[in-house]
Amino acid sequence: MKAQELRVPTMAELFSKGEKPEVLFWVGCAGSFDDRAKKITKAFVQILNKAQISFAVLGTEESCTGDPAKRAGNEFLYQMQAITNIEVLNGYEVQKIVTTCPHCFNTLKNEYPGLGGTYEVVHHTQFLKQLLQEGKMTLEGGKFNGKRITFHDPCYLGRANGIYEAPRDLIRKLDAELVEMKSCKQKGLCCGAGGAQMFKEAEKGDKDVNIERTEQALETAPEIIAAGCPFCNTMMTDGIKHKEKEGSIAVMDIAELIASAEDL
Amino acid sequence: MGYLSNIVFVLLLAFGIGYFIRNVKRLIRNIRLGQDVDVSDNVALRWKNMAKIALGQTKMVVRPVAGILHIIVYLGFIIINIEVLEIIIDGIFGTHRILGFLGGFYDFLIASFEILALLVIVAVVAFWMRRNIIRLQRFVKPEMKGWPKTDGNVILYIELVLMVLFLTMNAADYQLQQIGVDDYSRAGTFPVSQFILPVFDGMTAESLIFIERAAWWLHIAGILFFLNYLYYSKHLHILLAFPNTYYGKLSPKGQFKNLDSVTQEVKLMLDPSADPFSEPVDDTGDPGKFGASDVADLNWIQLMNAYTCTECGRCTDECPANKTGKKLSPRKIMMDTRDRLEEVGKNVEKNKGQFVPDGKQLLDDYITREELWACTTCNACVQACPVSIDPLSIIMDMRQYLVMEQSAAPSDLNNMMGNLENNGAPWPFNQMDRLNWAKEG
């Protein structure tokens, strides 16, 4: 990956030139700071660059949406974050937002309108599917032809917002063999990270949730576990390491699958 | 004798319905202890949801075995209860099978009641076996010990007894019709109870009349008893499933409500022109308590949810925390809420409409913090509920109380929130480094 080739304009840069992108890419905290998630961010930008999409990021003007604070019960901190972000977004007259994080997606799409921030918000799998439909991006299976891929539904994309097909359609476009876990779509099992669990020790129990979910994934004998959320990605990657399968099974975001298929 | 039986019947009916009305009033009073919430929107969609989910049982059949068995019992009870109409008319006026004049149609009705009654018996036996022989995991969880377990079985016993009484009554009637006893003129066809007839071989008309009358009285008395049992039982769902699905959440499951009282504060704080030392312009609005520590802090829909829960345990069965051995069980959240609400309701009743603090609350005395913090907010419980109950909203309200009123978050979460406040990210990274990824190799 040659990151120096990434073109990542910021809203501030474009604004100073009197320009406005078609879509704002909301990177999110994980996508900005987490080493694993940064790879997803870069893969998505590579796709955007190749498809010559007019986009920008907020860069240092972006701040946490407040999702983990809200789910932890701190409505005050959440709203501080939300209202600050809304001021920035509205200042740039943002209309459309794409994000690689279902938690950011859910909060921006569903909870910001009530606080004065109304935008068209899409998850990157929806965005990519649309690029494909509009012919702005082509996909050839090649690399993933016939590979067994199982998709782990992120709760905040699936049950929370009813989006099950966009990521699956993209996997099928890679000519891969999509195999479903016994709990999928509406019945998908959480990876264990949601509701601010990512940031705390789990309560006492028999097992960690991500191990349970990893076991379900392993039952499908996959070559790749596909995810659509940086937190799910971390949890499933940890699960695969726990099962000592990291040599044979990869955990990859849909954006990474596509960037890889395109040799980006 | 004369009108004695008519009088006894009317008294029984009046008592049964009267006591039921009293219980409904209690139920409404308790639910009204909850906070107000505006649900006057989307009337058409709400009716549609009720028709689909409650009437149409669409979410029951997600689990096909339980779903189909349940539809049998549900249809059986609704349809067989048409017969109650005739029983009431007969009871009041001292007639016998008053609707018999419908002829062929009556035959058809009675025949379908009988077939349904048999199917209900089969389904009820299957349900009983699932609870007591197969012991499906969700029926033997810790919160299902004691009364909840007994309650589940009692409901099945009552249903079984009612169906057996119904068929016995019909069988004796049919035998009497065949012997040609006065008052038992030919009415109805009996595709199921005809097989009971051999039991009555050689019995006198008197004994048969006794059996028929006894079954008839016990059947109607049993129905009235069942009606009044509802308030004390998880079986209340047969009534509340309808309003509960009507008032179910319509927004995306991931959307949690924003607290308006907080919004005002935050906007004021972030307003650069606000003078921090000025007198508050509008001091009338007490922001109130944040979140919920007791049932009266919840809204009335959440309280109705608690009464609607029939403890089927589909929520708990899907809960990732429960699946992996944590204490959290969404079903228990609902059961605890109902138990506490009952306790508060009795307190209010005893103290002439006023709640007198009893040193207890929903938090800690019923629902522990450990349960609340184990939730991943994944919505699996909400998705699983066949009658649109939202256990997650109660968990979130209680977390809000813990964090905003008591600053009692787990220390890991306090670290996360500290980072968020200082750096705008849940980890200790500098906001100025947010775009570094774009320059990294």
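Conventions we followed
Residues numbered from 1 in each chain as written. Chains lettered and ligands numbered in written order. Predicted model: local features only at pLDDT ≥ 70, side-chain atom pairs only at ≥ 80, totals over all residues. Helix = DSSP H or I, 4+ residues; strand = E, 2+ residues; numbered from the N terminus. Rg over C-alpha atoms; globule rule 2.2 N^0.38 Å. Buried ≥ 20, exposed ≤ 12 C-beta atoms within 10 Å, placed from the backbone. Contact = placed C-beta atoms within 7 Å. Nonpolar A, V, L, I, M, F, W, Y, C, P; charged D, E, K, R; others polar. Pairing = 2+ DSSP bridges. Right-handed = clockwise from strand over helix to strand, strands pointing away. Domains from an automatic or database assignment. Axes fitted to C-alpha atoms, helices over the stretch in contact; angles between N-to-C directions. Parallel < 35°, antiparallel > 145°, perpendicular 65-115°, else oblique. Core = buried A, V, L, I, M, F, W, Y, C linked by C-beta atoms within 7 Å. Expected span 1.5 Å × (residues − 1). Left-handed = near helix turned anticlockwise from the far one by under 90°.

Colleague: Teacher, can you tell me more about the overall build of chain A here?
Modeller: A count of helical and extended segments in chain A gives 11 helices and eight strands. Against the compact-globule benchmark of 18 Å for 264 residues, chain A has a radius of gyration of 18 Å, which places it among compact chains. Projected onto its principal axes, the C-alpha coordinates of chain A cover approximately 50 × 45 × 30 Å. Counting all 264 residues of chain A, 58% fall into the buried class.

Colleague: Help me out: how do you make sense of the interface of chain A and chain B in this one?
Modeller: Where the parts come together, the accessible area they lose is often given as the size of the interface. Listed as interface residues are 60 residues of chain A and, on the opposing side, 58 residues of chain B. Within the residue set of the side of chain A that touches chain B, elements represented by two or more residues are helix 2 (28-33), helix 3 (35-50), helix 4 (67-72), helix 5 (75-91), helix 6 (102-111) and helix 9 (209-218) of chain A. Take the side of chain A that touches chain B: its biggest share by element is eight residues, from helix 5 of chain A. Looking at the side of chain A that touches chain B residue by residue, the class counts come to 23 nonpolar, 21 polar and 16 charged.

Colleague: In this structure, what is going on with the pairing of strand 4 (residues 120-123) of chain A? I would like to understand it.
Modeller: Sheet faces and side chains relate simply in a regular strand, where the side chains alternate between the two faces. All names here are of chain A. The pairing of strand 3 (residues 96-99) with strand 4 spans four bridges and is classified as parallel. Note on strand 4: the bridge partner recorded for threonine 99 is histidine 123. Running through helix 6, the crossover from strand 3 to the neighbouring parallel element strand 4 is right-handed.

Colleague: Teacher, can you tell me more about the sheet that holds strand 6 (residues 177-178) of chain A here?
Modeller: Strand pairing within a sheet occurs via backbone hydrogen bonds; the two strands may be parallel or antiparallel. As summarised here, the arrangement of the four strands in space is 6-5-7-8 (chain A), forming an open sheet in which the pairing is parallel. The open sheet is flanked by strand 6 and strand 8 (250-253) of chain A, the only strands paired with a single partner.

Colleague: Quick question: what am I supposed to make of the domain arrangement of chain A here?
Modeller: Residues and elements named next belong to chain A. Along its sequence, chain A is organised into domain 1 (3-130) and domain 2 (139-261). Contact residues are listed per partner, giving 26 residues for domain 1 and 26 residues for domain 2. Where the side of domain 1 that touches domain 2 is concerned, the elements lending two or more residues are helix 2, helix 3, helix 4, helix 6 and helix 7 (124-133). Among the residues forming the side of domain 1 that touches domain 2, the class breakdown is 12 nonpolar, nine polar and five charged.

Colleague: Explain the packing of helix 13 (residues 330-350) of chain B against helix 16 (residues 391-405) of chain B here, please?
Modeller: In a pair of packed helices, the angle between the axes and the distance between the axes together describe the arrangement. Residues and elements named next belong to chain B. Relative to each other, helix 13 and helix 16 sit at 75°, their axes nearing to 9 Å. The angle between helix 13 and helix 16 falls in the class roughly perpendicular. Between helix 13, through Pro330, Ile333, Met334 and Thr337, and helix 16, the contact on the second element is made entirely by Pro391, Ile394 and Ile395. Of the residues contributing to the contact of helix 13 with helix 16, the split by class is six nonpolar, one polar and no charged.

Colleague: What is the right way to look at the sheet that holds strand 2 (residues 55-56) of chain A in this model?
Modeller: Residues and elements named next belong to chain A. Strand order in this open sheet of four strands is 2-1-3-4, and the pairing throughout is parallel. Looking at which strands have only one partner, the edges of the open sheet turn out to be strand 2 and strand 4. As paired strands, strand 1 (residues 23-26) and strand 2 are joined by two bridges and run parallel to one another. Residue pairing for strand 2: valine 23 is matched across the bridge by phenylalanine 55.

Colleague: Help me understand the nonpolar core, please; the structure alone is not making it clear to me.
Modeller: The tendency in soluble globular proteins is for nonpolar side chains to be buried side by side. Counting 149 residues, the largest nonpolar core has Leu24, Ile47, Ala226, Met236 and Ile258 of chain A together with Met398 of chain B as its most contacted members. Examining the composition of this core, we find that nine residues originate from one element, helix 16 of chain B, more than from any other. Apart from the residues within four sequence positions on either side, isoleucine 47 of chain A is in contact with Leu128, Met137, Ala255, Ile258, Ala259 and Leu264 of chain A. Membership of the second largest hydrophobic core comes to 36 residues, among which are Ala117, Phe127, Tyr184 and Val192 of chain B.

Colleague: Before we go on, may I ask you to explain helix 13 of chain B in this structure?
Modeller: The periodicity of an α-helix, 3.6 residues per turn, causes residues three or four positions apart to be oriented the same way. Residue and element names in this part refer to chain B. Its 21 residues give helix 13 an end-to-end C-alpha distance of 31 Å, which sits within 8% of 30 Å, the value for a rise of 1.5 Å per residue. Taken together, the buried positions of helix 13 are occupied by Pro330, Arg331, Lys332, Ile333, Met334, Met335, Asp336, Thr337, Arg338, Arg340, Leu341 and Val344. Buried residues belonging to helix 13 abut helix 1 (4-31), helix 6 (147-179), helix 10 (300-308), helix 11 (314-318), helix 15 (380-384) and helix 16. Directly beyond the C-terminal end of helix 13, a positive phi value near 55° is found at lysine 352.

Colleague: Honestly, the domain arrangement of chain B in this entry has me stumped. Any pointers?
Modeller: Residue and element names in this part refer to chain B. Each assigned domain of chain B is listed here: domain 1 (4-31 + 63-246) and domain 2 (260-272 + 286-426). With 19 residues of domain 1 at the interface, the matching set in domain 2 holds 21 residues. Broken down by secondary-structure element, the contributors of at least two residues to the side of domain 1 that touches domain 2 are helix 1 and helix 8 (237-246). Per element, the largest residue contribution to the side of domain 1 that touches domain 2 is six residues, and it comes from helix 8. Across the side of domain 1 that touches domain 2, the residue classes break down as eight nonpolar, five polar and six charged.

Colleague: Even after reading the chapter, I still don't get the packing of helix 3 of chain A against helix 11 (residues 254-261) of chain A, so can you show me in this structure?
Modeller: Residues and elements named next belong to chain A. Two elements in contact, helix 3 and helix 11, have axes whose closest approach is 8 Å; the angle formed by their N-to-C orientations is 50°. Looking at the two axes, helix 3 sits oblique to helix 11. As for how helix 3 packs across helix 11, the hand of that crossing is left-handed. On helix 11, the residues touching Lys39, Ile40, Ala43, Phe44, Gln46 and Ile47 of helix 3 are Ala255, Glu256, Ile258 and Ala259. Here the contact of helix 3 with helix 11 is built from residues that sort into seven nonpolar, one polar and two charged.

Colleague: What's the story with unusual backbone geometry in this structure? I'm lost.
Modeller: Backbone phi values are negative for most residues with the exception of glycine, while trans is the configuration of most peptide bonds. All names here are of chain A. One non-glycine residue, glutamine 52, lies in positive phi territory at about 55°. Along the chain, the position of glutamine 52 falls in the loop between helix 3 and strand 2. Of note in this structure, glutamate 244 is not a glycine but carries a positive phi near 55°. In this structure, glutamate 244 sits in the loop between helix 10 (230-242) and strand 8.

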